[in-house]
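# Coordinate inspection notes
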Amino acid sequence: MGAWTLDDIPWHRFDAAKLDPELVAIVKAASLVEHNGTAYAHHLCRVFADDPEFQEAARRWGEEEVQHGRALARWAALADPGFDFDAAFARFQAGFRVDFNSDRSRRGSRAGEMVARCVVEIGTSSYYSAMREAAAEPVLREICRHIAADELRHYRLFSKNLDRYLARERIGRAGRLRVALGRIAESEDDELAYAYYAANENDRPYDRRHCNRAYARRAYALYRPHHIERGVAMLLKAAGLKPNGRLGLIAGRLAWQAMRYRAARLAKAAA
Ligand SMILES: [Fe+2]
Ligand SMILES: [Fe+2]
């Protein structure tokens, strides 16, 4: 487990007057995705069946993700006493199905799997940093601070193991970049949209486009340039490219413009 537990969160400081309903909706969705960590750890243990050291780290990682889910769910229940986490998680698991039993990485190689894991942890560490800075409610800020620190540590774990597997598998920069971009594109797939649905909209049928936009509109609004620029620098590094040169600067700025454009369009469409 990580260096903190739910007992370290100052729940008594919860301040309902500082709640933002838009944040409550995406925290509920995030609690479901995080709580599914055990399933992905199980998949990693199958893909890396002959690497007991990494399996051990993956199991610990999965437990930490589940703890993120628990902390967010407990906060969401304070923010919205009508939130039934168990029922929402059951809906999420029933509707969002991935083959976690497969023993092959869908990234084509084990180094590719590590690249994809790095991308996810870069995404979550940026997301919870952005959420902490955007939130006014003190308990949520504290939870996000703990989670963002864990996500950064998770990135380092996968990055270290990526180096180890690159020494054996030698996928080039183009291959790494392809996996990284592919994984980023997947962030608009079903997982987050379905989690948003299962957590917030159980009274109507699932509409993927609607839920995707509902989630993304609230999530993208949290980011500021420094979150995106830092995330892009980490991504370039995971792909084997130099994060600190001209490329990093240009990629960071372009990514921020793209994010701002998309956030503005989503906000306009919802207005
Ligand atoms: Fe997490
Ligand atoms: Fe993580």
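Scroll up for the structure.
Residues numbered from 1 in each chain as written. Chains lettered and ligands numbered in written order. Predicted model: local features only at pLDDT ≥ 70, side-chain atom pairs only at ≥ 80, totals over all residues. Heavy atoms only, no water.

### Some remarks on the packing of helix 3 (residues 52-79) against helix 5 (residues 110-134)
Which entries qualify depends on this criterion: With axes taken as lines fitted to C-alpha atoms, and helix axes fitted only over the stretch in contact, angles between N-to-C directions fall between 0 and 180 degrees. Here a helix means four or more residues in a row that DSSP labels H or I, a strand means two or more in a row labelled E, and each is numbered from the N terminus. In this scheme, roughly parallel covers angles under 35 degrees and roughly antiparallel covers those over 145, while 65 to 115 is roughly perpendicular and the rest are oblique. Left-handed describes a crossing in which the near helix is turned anticlockwise from the far one by less than a right angle; the clockwise case is right-handed. Throughout, a residue-residue contact means that at least one pair of heavy atoms, one from each residue, lies within 4.5 Å.
Orientation of helix 3 relative to helix 5, taken along the N-to-C sense of each, is 25 degrees, at an axis distance of 14 Å. Judged on the interaxial angle alone, helix 5 and helix 3 are roughly parallel. Taken as a pair, helix 3 and helix 5 cross one another with a handedness that is left-handed. Contacts between helix 3 and helix 5 involve Phe-54, Trp-61, Glu-65 and Leu-72 from the former and Met-114, Arg-117, Glu-121 and Tyr-128 from the latter.

### Section: the coordination of the iron ion (ligand 1)
Rules: Atoms of type N, O and S within 2.8 Å of a metal are treated as its donors, and for Na, K and Ca the window is 3.2 Å; water is not considered, so some sites may appear to be missing partners.
The coordination sphere of the iron ion (ligand 1) contains the protein donors Glu-34 (OE), Glu-34 (OE), Glu-65 (OE), His-68 (ND1) and Glu-151 (OE), at a distance range of 1.9 to 2.7 Å. If you list the donors of the iron ion (ligand 1) from N- to C-terminus, the spacing comes out as E-x30-E-x2-H-x82-E. In this structure, the iron ion (ligand 1) lies 3.7 Å from the iron ion (ligand 2), and both are coordinated by Glu-65. One end of the pair, Glu-34, is in helix 1 (residues 21-35); the other, His-68, is in helix 3, with 34 residues separating them in the sequence.

### As for the coordination of the iron ion (ligand 2)
What counts is decided by this rule: Irregular is the label for any site that misses the other tests, which are tetrahedral for four donors with all angles between 85 and 135 degrees, and square planar for four donors or octahedral for six when opposite donors exceed 155 degrees and the remaining angles lie between 65 and 115.
The protein atoms that coordinate the iron ion (ligand 2) are Glu-65 (OE), Glu-121 (OE), Glu-151 (OE) and His-154 (ND1), at distances spanning 1.9 to 2.2 Å. One can describe the site at the iron ion (ligand 2) as irregular: its four donor atoms subtend angles covering 94 to 135 degrees at the metal.

### Examining the pattern of salt bridges
Note the threshold: Salt bridges are counted wherever a side-chain nitrogen of Lys or Arg sits within 4 Å of a carboxyl oxygen of Asp or Glu. Burial classes: relative accessible area under 20% of the type maximum marks a residue as buried, over 50% as exposed, and values in between as partly exposed (1.4 Å probe, protein chains only).
The full count for this structure, using the stated rule, is 16 salt bridges. Note that Lys-18 and Asp-15 form a salt bridge whose closest N and O atoms lie 3.9 Å from each other. Take Asp-15: its relative accessible area is 24%, and that puts it in the partly exposed class. Between Arg-153 and Glu-64 there is a salt bridge, with the nearest N and O atoms lying 3.2 Å from each other. In this pair, Arg-153 is assigned in helix 6 (residues 138-169) and Glu-64 in helix 3, connecting sequence segments 89 residues apart. Ionic contacts of the salt-bridge type, sharing partners, join the residues Arg-106, Arg-107, Arg-183 and Glu-186 into one network.

### A word on helix 1
For clarity, the cut-off: Under the convention used throughout, the expected extent of a helix is 1.5 Å for every residue step, that is, one less than its residue count. Pairs of N or O atoms within 3.5 Å make up the polar contacts considered here, provided that, within protein, one atom can donate a hydrogen while the other can accept it, and that residues adjacent in sequence are counted only when both atoms are side-chain atoms.
In this model helix 1 runs 21 Å from its N-terminal to its C-terminal C-alpha over 15 residues, within 8% of the 21 Å that 1.5 Å per residue would give. With 13 of its 15 residues buried, helix 1 lies for the most part within the structure. Between the side-chain oxygen at the start of helix 1 and the backbone nitrogen of Glu-22 there is a gap of 2.9 Å, and the oxygen is on Asp-20.

### Things to note about the packing of aromatic side chains
Our working rule: In summary, the pairing rule links any two rings of Phe, Tyr or Trp, Trp by its six-membered ring, whose centres are within 6.5 Å, and it sorts them by plane angle into stacked for under 30 degrees, edge-to-face for over 60 and tilted for everything else. In this scheme, the term charge over a ring applies when either NZ of a lysine or CZ of an arginine sits within 6 Å of the ring centre and within 35 degrees of the ring normal.
Tallied over the entire structure, the rule returns 16 aromatic pairs. Site record: aromatic cluster; members linked through ring pairs are Tyr-40, Phe-48, Phe-54, Trp-61, Phe-158 and Tyr-165. The side chain of Arg-117 reaches across the aromatic face of Tyr-40, ending 3.8 Å from its centre. The ring of Tyr-165 has Arg-168 lying over it, and the distance from NZ or CZ to the ring centre is 4.6 Å.

### Brief notes about the environment of Asp-190
Note that Asp-190 resides in helix 8 (residues 190-200). Taking the relative accessible area as the measure of exposure, Asp-190 reaches 27% and is therefore partly exposed. Measuring from C-alpha to C-alpha, the distance between Asp-190 and Arg-208 comes to 7.1 Å, with 18 residues separating the pair along the chain. Residues in contact with Asp-190, not counting those within four places in the same chain, are Phe-96, Ala-195, Tyr-206 and Arg-208.

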